[in-house]
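Spelled out from the first residue to the last, the chains are:
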Amino acid sequence: MKSKTLLWALLAGSVMSACATKPVAKEEPTLKSVLGDKFLIGVAVNVWQSSERDTNAVKIVKKHFNSVVAENCMKCQTIHPEENRYDFKQADEFVNFGEKNGMAVMGHCLIWHSQLAPWFCVDKDGKDVSPEVLKQRMKDHITTIVSRYKGRVKGWDVVNEAIMEDGSYRKSKFYQILGEEFIPLAFQYAHEADPDAELYYNDYNMHAEGKRNAVVKLVNDMKAKGLRVDAIGMQGHVGLNYPDLAEFEKSIVAFAGTGAKVMITEWDMSALPEVNRTANIADTVAFRKALNPYPDALPDSVSQRWNARMADFMNLFIKHSDVISRVTAWGVSDGDSWKNGFPVRGRKDYPLLFDREYQPKPFVVDLLKEN
């Protein structure tokens, strides 16, 4: 009996020894595993992705990102096409996708002058509605949408792109009818609809000094009135030659000085030269070539510049991760980007973290290797 017991003990010891020496497979690094302790790493998804029809993109989203934002399906013309009709099909699908995959879901956007349903600011005769009518429409729109996703959407871009680079207010219909009041009203309505949801002001060219100062004043004024402003969104549509990194950093610091967090909400970097809209276009062929210089592939020299500058921006975000709470790429792969075909049809750009073959760009590979 003792010999059997001794035999089993020896066998058990051999098995345990073999298990102990067997190498444990190292988990492959992902963007969310590398950056997740610094800030949320997010991506804008289109309806092909939130419905999981674009399977290649969906694999990337699930693997690398812990936050998603709706690219277009929550914008007014899609979600509220007529005064008495909402269409929640795509938005519901988007929210369900984020929840199912354990991601922080971001709503974009409640009040914006662009992609606005044509009926929103006019009466049946096409004339501007009164301030009272527009306030009620804003309240109904915001309340209906935010209430539907109460407790499910982490935060909302409440107002989008309301300030110009010189610090003046954009002369949108909202501003023309209501003046500066439309922004605090939108934040008030959103907070009332979901007191736990985070609320953001979102804009582009946030490195511009005039816009920077105006947004700081706007946020400080709203907070002084007791309104909730949780974060300021810097869209991050940048290029090879703009903006100056130091000016971008100044805005991060200035916005954080309001007490709100900072978010990089729509990050992409055009790899193409800036379009000279005043150029002599008599030579149409030459002009088109100048607009779309890399129709087949990005030259290595340009790719290297692009990757180095994207790495510089990421290092800046990491440097300020104490105040930056989210960094979101505006699209999954180059083929998804709104930059394609902008500002002219057929233009091919290379602005995102993954290429058209769904492979990570070199700066992403380096980031994953370092960690």
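Placed above this text is the structure.
Nothing here was measured: the structure is a model prediction, and the numbers come from that model. (Residues numbered from 1 in each chain as written. Predicted model: local features only at pLDDT ≥ 70, side-chain atom pairs only at ≥ 80, totals over all residues. Heavy atoms only, no water.)

A. Examining the overall build of the protein more closely. From N to C terminus, the protein includes 14 helices and 9 strands. Taking the intrachain contacts of the protein between residues at least 6 apart in sequence as the baseline, contacts between residues at least 24 apart amount to 78%. Accessible surface, the protein as shown: approximately 18,000 Å² in total, 52% of it carbon and sulfur. (Helix = DSSP H or I, 4+ residues; strand = E, 2+ residues; numbered from the N terminus. Contact = heavy atoms within 4.5 Å. Areas by Shrake-Rupley, 256 points an atom, 1.4 Å probe, with all protein chains shown as cover.)

B. Region of interest: the pattern of salt bridges. With the rule as written, the count across this model stands at 20 salt bridges. In this structure, the salt-bridge partner of Asp221 is Lys217, at a minimum N-O distance of 2.7 Å. One end of the pair is Asp221 and the other is Lys217, both in helix H10 (residues 209-224) and 4 residues apart, which spans about a single turn. Asp334 is the salt-bridge partner of Lys361, the closest N and O atoms lying 3.1 Å from each other. (Salt bridge = Lys/Arg side-chain N within 4 Å of Asp/Glu carboxyl O.)

C. Molecular detail of the layout of surface pockets. Of the pockets and cavities examined, the largest pocket occupies roughly 690 Å³. Together, 27 residues line the largest pocket, and His237, Tyr242, Trp338, Lys339 and Phe342 are the ones closest to its centre. Counting residues per element, the ones that place at least two in the lining of the largest pocket are strand S3 (104-112) and strand S8 (261-270). A class-by-class count of the residues in the lining of the largest pocket yields 10 nonpolar, 9 polar and 8 charged. (1 Å grid on protein atoms, 1.4 Å probe; cavity = no way out; pocket = protein on both sides within 12 Å on 5 of 7 lines; lining within 4 Å. Points joined across faces, edges and corners; volume = space filled by probe spheres on them. Nonpolar A, V, L, I, M, F, W, Y, C, P; charged D, E, K, R; others polar.)

D. Fine view of the packing of aromatic side chains. Inspection of the entire model under this criterion finds 14 aromatic pairs. Relative to Phe313, the ring of Phe248 has its centre 5.3 Å away and its plane inclined at 90°; by these criteria the two rings are edge-to-face. With Phe248 in helix H11 (residues 245-256) and Phe313 in helix H13 (residues 300-319), the pair connects residues that are 65 residues apart, well separated along the chain. Judged on exposure class, the residue Phe248 and its partner Phe313 are both buried. An aromatic cluster of three or more residues is present, and its members are Phe248, Trp267, Trp306, Phe313, Phe317 and Phe363. (Phe/Tyr/Trp six-rings, centres within 6.5 Å; stacked < 30°, edge-to-face > 60°. Buried < 20%, exposed > 50% of the residue type's maximum accessible area, 1.4 Å probe, protein only.)

E. Quick peek at the pairing of S8. For S8, a buried count of 9 out of 10 residues is recorded, marking the element as mostly surrounded by other parts of the structure. In this structure, strand S6 (residues 231-234) lies alongside S8, joined through 4 bridges in parallel fashion. Residue pairing in the sheet places Met234 in a bridge with Ile264 of S8. By the bridge criterion, 3 bridges tie strand S7 (residues 237-239) to S8 in an arrangement that is parallel. Note on S8: the bridge partner recorded for His237 is Asp268. (Pairing = 2+ DSSP bridges.)

F. Looking closely at the nonpolar core. Among the nonpolar cores identified, the biggest contains 104 residues, and Leu31, Met74, Met138, Trp156, Val159, Trp267 and Phe317 are the most heavily contacted of them. The leading source of residues in this core is helix H9 (residues 182-193), at 8 residues. Those residues in contact with Phe317, other than ones at most four positions away along the chain, are Phe39, Phe248, Ile264, Trp267, Ile324 and Val327. Ranked by size, the runner-up nonpolar core spans 8 residues in total, among them Ala104, Met106, Met263 and Trp330. (Core = buried A, V, L, I, M, F, W, Y, C linked by side-chain atoms within 4.5 Å.)

G. Expanded view of the pairing of strand S9 (residues 324-329). Here S9 lies mainly inside the structure; 5 of its 6 residues are buried. Pairing analysis gives 4 bridges linking strand S1 (residues 40-45) to S9, with the strands arranged parallel. By the bridge assignment for S9, Val43 is matched with Ala329. Relative to S9, S8 runs parallel, the two sharing 4 bridges. Residue pairing for S9: Val262 is matched across the bridge by Ile324.

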